[in-house]
Amino acid sequence: QVQLVESGGGLVQTGGSLRLSCAASGRTFSSYAMGWFRQAPGKEREFVAVIRGNGGSIYYADSVKGRFTISRDNAKNTVYLQMNSLKREDTAVYYCASGRTVTMYYREYDYWGQGTQVTVSS
């Protein structure tokens, strides 16, 4: 059974940094794309970043480009999201997801973590 477990969320001030981690188990990690999404209260789930299984392709939402960095360590079955220069509008629950294609569409992903809260205060 596939499991994805996020960690690293918390409360941070505007301009600060956080690093999210997502540990995966139950499938051959390096064979699947890993995405990060977020959902703020009252809003739809939003694409943040995605990385191919071998790390060869990476895409970001325009809203986070230049501030966030997605990476993965296939030896540790873990994907990361380094978030710098955080803004209040980055406040959301952040989810990692595993899928067969490199895509920004959340319906294309097979498995999801439980989410981790990120709150950015001024």
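Below: a short report on this structure. Just so we're clear, the structure is a prediction, and the values are computed from it rather than from any experiment.

How each quantity is defined
Residues numbered from 1 in each chain as written. Predicted model: local features only at pLDDT ≥ 70, side-chain atom pairs only at ≥ 80, totals over all residues. Heavy atoms only, no water. Helix = DSSP H or I, 4+ residues; strand = E, 2+ residues; numbered from the N terminus. Buried < 20%, exposed > 50% of the residue type's maximum accessible area, 1.4 Å probe, protein only. Salt bridge = Lys/Arg side-chain N within 4 Å of Asp/Glu carboxyl O.

Before going further, it helps to spend a moment on unusual backbone geometry. Its identity is not glycine, yet Asn-77 carries a phi of approximately 50°, on the positive side. Structurally, Asn-77 can be placed in the loop between strand S7 (68–73) and strand S8 (78–83). Of the residues examined, Asn-77 reaches a relative accessible area of 27% and is grouped as partly exposed. Backbone geometry places Ser-85, a non-glycine residue, at a positive phi of 50°. Examined against the element boundaries, Ser-85 turns out to sit in the loop between S8 and strand S9 (92–99). We classify Ser-85 as partly exposed; its relative accessible area is 40%.

The next subject is the pattern of salt bridges. One pass over the full model with this rule turns up six salt bridges. Of the charged contacts, one joins Asp-90 and Arg-67 as a salt bridge, the two residues approaching to 2.7 Å between their closest N and O atoms. With Asp-90 in the loop between S8 and S9 and Arg-67 in the loop between strand S6 (58–60) and S7, the pair connects residues that are 23 residues apart, well separated along the chain. Comparing Asp-90 with Arg-67, the two get one shared label, buried.

Geometric values such as these leave the question of function open.
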